[in-house]
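Single-letter residue listing:
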Amino acid sequence: MTEDQKPQDENQLIVVRREKLERLRAAGQAYPNDFRRDTLAEHLHGSFGECTVEALEAHEEVFRVAGRIMAKRGQGKVSFVELMDSSGRIQLFVQINALGEAAYEAFKGWDIGDVVGAVGRLMKTKAGELSLRVSELRLLTKSLRPLPEKWSGLTDTETRYRQRYLDLIVNPDVKAVFQKRTQIVRFIRQFLDTLGFQEVETPMLQVIPGGATARPFVTHHNALDRELFLRIAPELYLKRLVVGHFEKVYEINRNFRNEGLSTRHNPEFTMLEFYQAYADYRDLMDLTENLIRDCALSVNGSTQLRYQGRDYDLGRPFNRWTMAEAVAKANPELDPSRLGDADYLRPIVKAKGGNPQPGYGAGRLLTELFEATVEADLLDPTFITEYPTEVSPLARCNDANPQVTDRFEFFLAGREVANGFSELNDADDQAARFKAQVDAKTAGDDEAMFFDADYIRALEYGLPPTAGEGIGIDRLVMFLTDCASIRDVLLFPAMRPESN
RNA sequence: GGGUUGCUAGCUCAAUGGUAGAGCAGCUGACUCUUAAUCAGUAGGUUCGGGGUUCGAGUCCCUGGCAACCCA
């Protein structure tokens, strides 16, 4: 390659490492895959960390470890290496006497970041650190790029998100967040499985994107030569399954919404949705309360949580307020008897910074007022119930007051975490609600729903009385791991393309 | 969408409009118990991109990009 064809990042450090790689290639297999380890750093520390020098001297077992060189402290004819594997770090004690001159000389040219395998017995150094006294050492993968500096590490958020692998190598706390995320999801599966729910998978590519009000991603199926949408929710498919006698069913998977990026929104995010026949929204509030409380206890060992400097008590019963109650409480100057009056609400919404459209009824106006004046202040765990029918096109109307639905949302730290309701199983009512959505879409609301004729057909066969709910997994993980940004709980968050 | 801040060596950071620097990492050498090892020497730059002002721009102005934070 000529000088001006070299990539810009071919700096001196990489050139030197590439030269080392060329020598490895010349000497034989530069990327061997015949080394097998038989233990991890964590196991060695756990089993032998407390042993005395003499006890280790008498212990003749030979161990094989492998991992990445994170630090090298050379001392002429003896060196210390910090080796990192998936479980942690173990120090290698490398002596020229044990390795032989040629092997030791080669080792001296290895770099921080290289992946190696080591064989040897355990020992304690004079400083008391458990170490592997290396009798055999092999270079398994040459690292061509220098790692970030050992003390300050990698702090640049952009690089951390774009090159998560690098973040994971040098920032051990990051890995713990994602391990906890796995624990949380595993707990939720066990919780639901124990209650008799069955996990299923439903389409991500949908002909009609339904189940939520959001803008979808559009794609194209070549063989069918037609437009398809990435799902914004699995809801309508899961309820079809309830029609088919999957009476307790759930799905944990990705939803896609074509909206902006922020510390709380990623275009693809993980949602739990579950449906239970012969249950109502109150049953699901109870279930949700138990699920979140037990999950915190399981993964954090406590129902007391600290999130972004504030304490939360998940052990106490969660608040349960109607939307009208919450709005009245946050806006004592309002007349609570007129919260169902659109003409009364419209100027108030405007004054509070909302943007009411001409077609908005009292329900939608009240919801706007709720979002503007209440939502962000719902810090302690709180269920808000009685969502207006106007903003709840898939929820069952309340028997006593058809202006509101048997629906709740759950809030924690000012954020919506869950949304559940008794399902609308009246096929004619659902068809009318879809029609209202289509009218709204025609009028310019590009988040409004499509008319899903097959879903109506399914309802016509008979959806048993059912309750269903969605829980945002990413937000729940953020809370349980004390992360401020959704990007901190996504391994590869969405980023704008790097500019060159 | 609006505002604020930031972008300089591989990483973490300096630099009144006046010679672009340090630590770590790297390279050469010394060192057989180090822990951010130590010691001596040495090399490393499209200052995010483009344009402008100026005798002179990392720094000031305009414009574009990306990111973080705040607001809606």
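Our structure's up above, just so we're on the same page.
As the structure is a prediction and not an experimental result, all values here were calculated from the model. (Residues numbered from 1 in each chain as written. Chains lettered and ligands numbered in written order. Predicted model: local features only at pLDDT ≥ 70, side-chain atom pairs only at ≥ 80, totals over all residues. Heavy atoms only, no water.)

A.B. asks: Help me out: how do you make sense of the overall build of chain A in this one?
C.D. replies: Looking only at helices and strands, one finds 16 helices and 18 strands in chain A. Taken over the C-alpha atoms alone, chain A extends approximately 90 × 55 × 50 Å along its principal axes. When each of the 500 residues of chain A is scored for burial, the buried share is 46%. Summing over all exposed atoms, chain A offers an accessible surface of approximately 25500 Å²; the carbon and sulfur share of this is 49%. Averaging the positions of the 62 positive and the 77 negative side-chain charges in chain A gives two centres separated by 6 Å. (Helix = DSSP H or I, 4+ residues; strand = E, 2+ residues; numbered from the N terminus. Buried < 20%, exposed > 50% of the residue type's maximum accessible area, 1.4 Å probe, protein only. Areas by Shrake-Rupley, 256 points an atom, 1.4 Å probe, with all protein chains shown as cover. Lys, Arg positive; Asp, Glu negative; His and termini not counted. Charge placed at Lys NZ, Arg CZ, Asp CG, Glu CD.)

A.B. asks: What am I meant to see in the sheet that holds strand E15 (residues 382–385) here?
C.D. replies: Hydrogen bonds along the backbone pair up the strands of a sheet, which may run parallel or antiparallel. The eight strands lie next to each other as E6-E10-E11-E18-E17-E16-E15-E14, forming an open sheet whose pairing is mixed. Two strands in the sheet have a free side with no partner beyond their single neighbour: strand E6 (198–199) and strand E14 (319–322). With four bridges connecting them, E14 and E15 associate as parallel partners. If you follow Arg320 over to E15, its bridge partner there is Phe383. Helix H11 (residues 323–330) rests against E14 and E15 of the sheet, and its axis sits at about 90° to E14. (Pairing = 2+ DSSP bridges. Contact = heavy atoms within 4.5 Å. Axes fitted to C-alpha atoms, helices over the stretch in contact; angles between N-to-C directions.)

A.B. asks: Please clarify how the environment of Glu259 should be interpreted in this entry.
C.D. replies: Secondary-structure assignment places Glu259 in the loop between strand E10 (248–256) and strand E11 (268–277). On a C-alpha basis, the gap between Glu259 and Ala484 in space is 20 Å, while along the polypeptide they are 225 residues apart. Among residues more than four places away in sequence, those in contact with Glu259 are Ala214, Arg215 and Glu447.

A.B. asks: Can you help me understand a nonpolar patch on the surface in this one?
C.D. replies: Together, Tyr165, Leu168, Leu491 and Phe492 make up an exposed nonpolar region whose accessible area comes to about 410 Å². For Tyr165, the position within the fold is in helix H7 (residues 164–170). (Patch = residues over 30% accessible without salt bridge, like charges linked within 9 Å, V, L, I, M, F, W, Y side chains within 5 Å. Salt bridge = Lys/Arg side-chain N within 4 Å of Asp/Glu carboxyl O.)

A.B. asks: Even after reading the chapter, I still don't get the side chain of Asp167, so can you show me in this structure?
C.D. replies: Its location among the elements puts Asp167 in helix H7. A distance of 2.6 Å separates polar atoms of two side chains, one belonging to Asp167 and the other to Asn171. (Polar contact = N/O pair within 3.5 Å; in protein donor to acceptor, adjacent residues only side chain to side chain.)

A.B. asks: What am I meant to see in the pattern of salt bridges here?
C.D. replies: Side-chain pairs of opposite charge can arise whenever the charged atoms involved come near each other. Per the counting criterion, the structure on display carries 36 salt bridges. Between Lys239 and Glu235 there is a salt bridge, with its nearest N and O atoms 2.8 Å apart. Here Glu235 and Lys239 lie together in helix H9 (residues 235–243), a separation of four residues that amounts to about one turn. Comparing Lys239 with Glu235, the two get one shared label, buried. One salt bridge connects Arg282 with Asp280, and the closest N-O pair in it is separated by 3.0 Å.

A.B. asks: Would you explain the packing of aromatic side chains in this entry?
C.D. replies: Both the distance between ring centres and the angle between the ring planes are used here to describe each pair of aromatic rings. What the rule picks out here adds up to 17 aromatic pairs. Considering the side-chain rings of Phe107 and Trp110, the 5.8 Å spacing of their centres and the 80° angle between planes classify their relative orientation as edge-to-face. For Phe107, a relative accessible area of 1% puts it in the buried group. Given a relative accessible area of 12%, Trp110 falls into the buried group. Ring geometry for Tyr312 versus Phe479: centroids 5.1 Å apart, planes at 80°, classification edge-to-face. On the criterion of sequence distance, the pair formed by Tyr312 in strand E13 (residues 310–313) and Phe479 in helix H16 (residues 473–481) is long-range, its members being 167 residues apart. Take Tyr312: its relative accessible area is 4%, and that puts it in the buried class. According to the relative accessible area criterion, Phe479 is buried, its value standing at 5%. Ring-pair connections join several aromatic residues into one group, and the members of that group are Phe318, Phe383, Phe408 and Phe410. When the ring centre of Trp321 is taken as origin, the NZ or CZ atom of Lys329, which lies over that ring, is 3.8 Å away. (Phe/Tyr/Trp six-rings, centres within 6.5 Å; stacked < 30°, edge-to-face > 60°. Lys NZ or Arg CZ within 6 Å of the ring centre and 35° of its normal.)

In short, geometric facts, not functional conclusions.
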